[in-house]
Structures are given as structure tokens and as C-alpha cells.
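# Structure assessment
Listed below, chain by chain, are the residues.
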Amino acid sequence: MDKRALITGITGQDGSYLAELLIERGYKVYGIQRRTSTIVTERINSLLDNGSVETFYGDLSDVNSIIRVLKEVKPDIVFNLGAMSHVKVSFDIPDYTVQIVALAPVRILESLRLLDMKDTRYYQASSSEIFGSSSAPQVETTTMLPVSPYGCAKLLGYHITRVYRAGYGMFASNGILFNHESPRRGETFVTKKIVRAAVRIKLGKQKSVKLGNLDAKRDWGHARDYMRAVIMIMEHDKPEDWVVATGEYHSVREFADRVFDYLGLRADDYIEISGDYFRPNEVPELLGDSKKISDILGWHPDITFEGLIKDMIESAWKEETVAVNQAQWRAPSYLR
Ligand code: NAP
Ligand code: G4F
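All chains use their own residue numbering, which begins from 1 and follows the written sequence. Think of it this way: whatever chain is written first is A, whatever ligand is written first is 1, and the rest follow in order. With the structure being a predicted model, the display of local features is reserved for residues of pLDDT at least 70 and the display and counting of side-chain atom pairs for 80 or more, all residues being used for whole-chain, interface and lining totals. Side-chain measures here rest on the full set of heavy atoms in the structure, leaving out hydrogens and waters.

For ligand 2, the set of nearby residues contains 24 residues, the closest of which are Ser127, Ser128, Tyr150, Arg279 and Glu282. Any pair of N or O atoms that falls within 3.5 Å is considered a polar contact. Within protein, one atom must be able to donate a hydrogen and the other to accept it, and sequence-neighbouring residues count only if both atoms are side-chain atoms. In the environment of ligand 2, an oxygen atom lies 2.7 Å from a nitrogen or oxygen atom belonging to the side chain of lysine 193. Here the accessible surface of atoms and residues is derived via Shrake-Rupley with a 1.4 Å probe, and residues count as covered only by protein chains that are part of the display. Alone, ligand 2 offers 710 Å² of accessible surface; in the complex the protein occludes 96% of this. Here a strand is any run of E in DSSP of at least two residues, a helix any run of H or I of at least four, and the numbering for each starts at the N terminus. Listed by contribution, the elements that provide at least two residues to the shell around ligand 2 are helix 7 (190–202) and strand 8 (209–211). Following the grouping adopted for this structure description, the nonpolar residues are Ala, Val, Leu, Ile, Met, Phe, Trp, Tyr, Cys and Pro, the charged ones are Asp, Glu, Lys and Arg, and the polar ones are all others, Gly among them. For the shell around ligand 2, the residue count by class is nine nonpolar, eight polar and seven charged. Here the shell around ligand 2 gathers at least three residues from each of two domains, domain 1 (4–180 + 219–244) and domain 2 (187–218 + 249–283 + 304–335). Only heavy atoms are used to decide nearness, and a residue is near a molecule or strand if one of them lies within 4 Å of it. Domain segmentation is taken from an automatic or database assignment of domains.

The next thing to look at is the environment of aspartate 59. Topologically, aspartate 59 is positioned in the loop between strand 3 (53–57) and helix 3 (63–73). Throughout, exposure labels follow a simple rule: accessible area from a 1.4 Å probe, protein chains only, divided by the maximum for the residue type, with under 20% read as buried, over 50% as exposed, and the rest as partly exposed. What makes aspartate 59 partly exposed here is its relative accessible area of 24%. C-alpha separation for the pair aspartate 59 and lysine 207, spaced 148 residues apart in sequence, amounts to 39 Å. Aside from chain neighbours lying at most four places away, what touches aspartate 59 is Ile32, Arg34, Ser65, Ile66 and Ile100. Contacts: residue pairs with any heavy atoms within 4.5 Å of one another.

What follows concerns the site of ligand 1. Around ligand 1 lies a shell of 26 residues, among which Thr11, Asp14, Arg34, Ser85 and Tyr150 are the nearest. A distance of 2.8 Å is found between an oxygen atom of ligand 1 and a side-chain nitrogen or oxygen belonging to arginine 34. Here an oxygen atom of ligand 1 sits 2.9 Å away from a polar atom, N or O, in the side chain of lysine 154. A total of 910 Å² of accessible area belongs to ligand 1 in isolation, and the protein chains cover 91% of it. Mapped onto the shell around ligand 1, the elements with two or more residues apiece are helix 1 (13–24), helix 5 (94–114), strand 5 (121–127) and helix 6 (149–168). Top element by residues in the shell around ligand 1 is strand 5. It accounts for three residues.

Turning next to the packing of helix 5 against helix 6. The angle between the axes and the distance between the axes are what describe a pair of packed helices. Here an axis means a line fitted to C-alpha atoms, over the contact stretch when the element is a helix, while the angle between two N-to-C directions is reported on a 0 to 180 degree scale. Interhelical geometry of helix 5 versus helix 6 gives an angle of 10° and a closest axis separation of 8 Å. Between helix 5 and helix 6, the angle falls in the class roughly parallel. Counting all contacts with helix 5, which are made through Pro94, Thr97, Val98, Val101, Ala102, Pro105, Val106, Leu109, Glu110 and Arg113, the residues of helix 6 involved are Pro149, Tyr150, Ala153, Lys154, Leu156, Gly157, Ile160, Thr161, Tyr164 and Tyr168. A per-class count over the contact of helix 5 with helix 6 returns 14 nonpolar, three polar and three charged. Throughout, the term roughly parallel applies to angles under 35 degrees, roughly antiparallel to angles over 145, roughly perpendicular to angles from 65 to 115, and oblique to all others.

The nonpolar side chains of a soluble globular protein tend to be buried with one another. Within this scheme, the nonpolar core is defined by two criteria: the residues are buried Ala, Val, Leu, Ile, Met, Phe, Trp, Tyr or Cys, and they are joined through side-chain atoms within 4.5 Å. Ranked by internal contacts, the top residues of the largest apolar core, which has 33 residues, are Ile7, Leu18, Leu22, Phe79 and Tyr123. Those elements that place two or more of their residues in this core are strand 1 (4–8), helix 1, strand 4 (77–80), strand 5, helix 8 (223–235), strand 11 (241–244) and helix 10 (291–297). Counting residues per element, this core draws most heavily on helix 8, which supplies eight residues. Here leucine 18 is in contact with Ile7, Phe79, Leu81, Met227, Val230 and Ile231, once residues within four sequence places are set aside.

See below:
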């Protein structure tokens, strides 16, 4: 019988890639979708249209909705990807961030236990943000010193997953994923913001882009590669915690330089520094060492830093230039 997967956060960047990969592997895929005033299913519309995904209304702040969906779907695996995932915004709404990011894992795990669904596997979308101010490179055993409300909330989610694994023998695993991006990345994260602005500047639609700290360094991979790792983690025979990263990092400035350069522009001519985009506390450098997942599960990223940038630019170019007939679109020669 087909395995049944339930994804919270299915409308997000990762949820959409994960759903596609699970469908390719023969899973039946279900998702929790929250009610929003405008429709936010853009990333999974094709899957909804062809019936390969079914969503249920629910909210991670509402334990009753979680229980209702768990009872209805009876999943073999729950992938908990839902979150208020913006680090800077977590300083503005710390209480809400903790309710969703920290308490949802508690709500789901405890619901699984009380519903006698302890055989359902649980994946927790943990984050490199939990390492906070610990110096790079970071591995599974690095001291976790979060410096944001989001990082603190993710740390609770990480530990509660370990507690249910140890205490109740549940198959509960953390994927400690470093930054991963794609054309589907939300527009307020720095990579997408830079790529979109650079393309719009090239097309004469925008004059400049305001950014914050250009010195922070991140280990940026591609979301599709990382969702492949997530499936490997959950199909492994043992529940464990895993760092997923590329092992290469770049500063925000370097990312911007590469993007503008790709388009034949000079980043310095268009970037304005604005205090609005600095955080009260910053994670200066994230660089993951994913030796464990590489040695034990054989996972390696396929898409390079350059490949990620190219994919994001080509997709943004298409979004900004194609109005009617997408099928006829081709990248201009200097983008290839
Ligand atoms: P994302 O694009 O921001 O997606 C977040 C998802 O969570 C969306 O589907 C969103 O729904 C949903 N959500 C938010 N609040 C909710 C609530 N109260 N109830 C139900 N659903 C809710 O994030 P992502 O980049 O795909 O990341 C996926 C997960 O991995 C998150 O937990 C994130 O914290 C974690 N993570 C991400 C990265 C990264 O670099 N991308 C790295 C490490 C960890 P709407 O569409 O309605 O907003
Ligand atoms: O793109 P960012 O907002 O990502 P950040 O804060 O690293 O968080 C992302 O990765 C985490 C994993 O480590 C996830 F858990 C989390 O959910 C999220 O997906 O910012 C990256 C860097 C930061 O140092 C920030 O200060 O870019 C710097 N930055 C500079 N100017 C900016 C901007 N960030 C944003 N969002 N917007 C700016 O204008």
C-alpha cells in the first residue's frame, strides 16, 4: 500500500519541493493549509489541480485542527515544515513565533502519542539558526547558542523531538538544515530579494535595492537537494539528528556581487544600506559540515552555488518578462 505523508507548511518553499519528490516516490501526499485572506497555494497549484495532493484547513496554533487532520489522514510520516520562518520578523513577533515554531512540534508529537499513533514517523524542520553565535564550521555536536526568538523556538522544537524519541521510542528525527534557496524562495529572504531586484534593475523597472548587513556569511544550498536529504533521513532505519549543508559559505556581499555580475552590472552601483534591515542580534557565520549524512546516507548536494544563482536569476527573469505564453519563453543569451 502507498505510504501516506502529511506535510505542514506544504504551501511554502520546502513543502512544495518535498511534495513533488514524495509523489515521485509513490507516496500519497496530504497537507495542512491555513486560511489566508489571499490565496497562497501558488507553489502547489499544479499538484492540487492534478489531484496528486490534498490539503486540509488547519493551523499550527490550533491543536484541535492538528488532531482532526491526523485522525483523517492517518499518516505514516508527518513532516513538520510549517513555521513563521523569518528571523528578523521573529524579533517583532516573538510570542507568535514561539507559539508556532516551538509549540507546534509539542502539539503534533503529543497528539500522535495520545492518539496511539506512535508508529507514525515525525520529521522536525530544525535549523542552523539554533547554532547562533557558535563559531563555524557547525556539526551535529556543536554547542547551540541561538541569538534570535526564531532560533530559540527552533531549539525547543529540536529538543522536544529528541525527548519524544528517547522517552517514548518514537521515530522522531531532526534535519538541521542550513540556508537553502530556490526560485520559490519567499521574496523577503535576502537571496530572492537580491535576485529579483537585480533582474528588475536590468529591465529598468527598479533603480536600487536596500539591504542590511552585507558581511554575514551563509552556507547556501538548493531547496530541492535539501528535500531529497529530508526523505533520506525519514526512510533511514533509525531516527537521528542530521546536519544538511554544502560545506561552502559566502557573504551576502559576495552573493550580490555574483548576481549583479551575471547580469553585467556592478552591485555597488545599486545597493543602498538601510538600518531597517539589520537585526538586534546577528548570526555572523553559518557553515555546515554534513559529513554524517554524506557518510551514512550517501547524500551530497547536486546543485552548486553558481547553479543556484543561475536557476534563481533565470526564473526571476522569466517572472518579470513573461506575460502570456510561458511555453515560448527562452532565456536571453547572456543569461545562459
Ligand atoms: P516558508 O517558505 O516560509 O514556508 C513556511 C510554511 O509554513 C508556509 O506553508 C506557511 O503557510 C506555513 N505556516 C506558517 N505559519 C503557519 C501556521 N500558523 N499554521 C500552519 N502553517 C503555517 O519556509 P521554508 O523555507 O519552506 O522552510 C520550511 C521549514 O524549514 C520551516 O520550518 C523553516 O523554519 C525551516 N528551515 C528553513 C530553512 C531555509 O533556509 N529555507 C533552513 C532551515 C530550516 P502560508 O503559505 O500560509 O504562509
Ligand atoms: O535570507 P535571510 O533572511 O536568512 P536567515 O536569517 O539566515 O534565515 C534563513 O535561514 C535559516 C537557516 O539558517 C532558516 F532557519 C530561516 O527560516 C531562514 O530560512 O538572511 C540572511 C542574511 C542575514 O545575515 C541577514 O542579516 O542576510 C542578511 N541580510 C542583509 N540584508 C538580509 C538583508 N536579510 C534579509 N532578509 N533582508 C535584507 O535586506
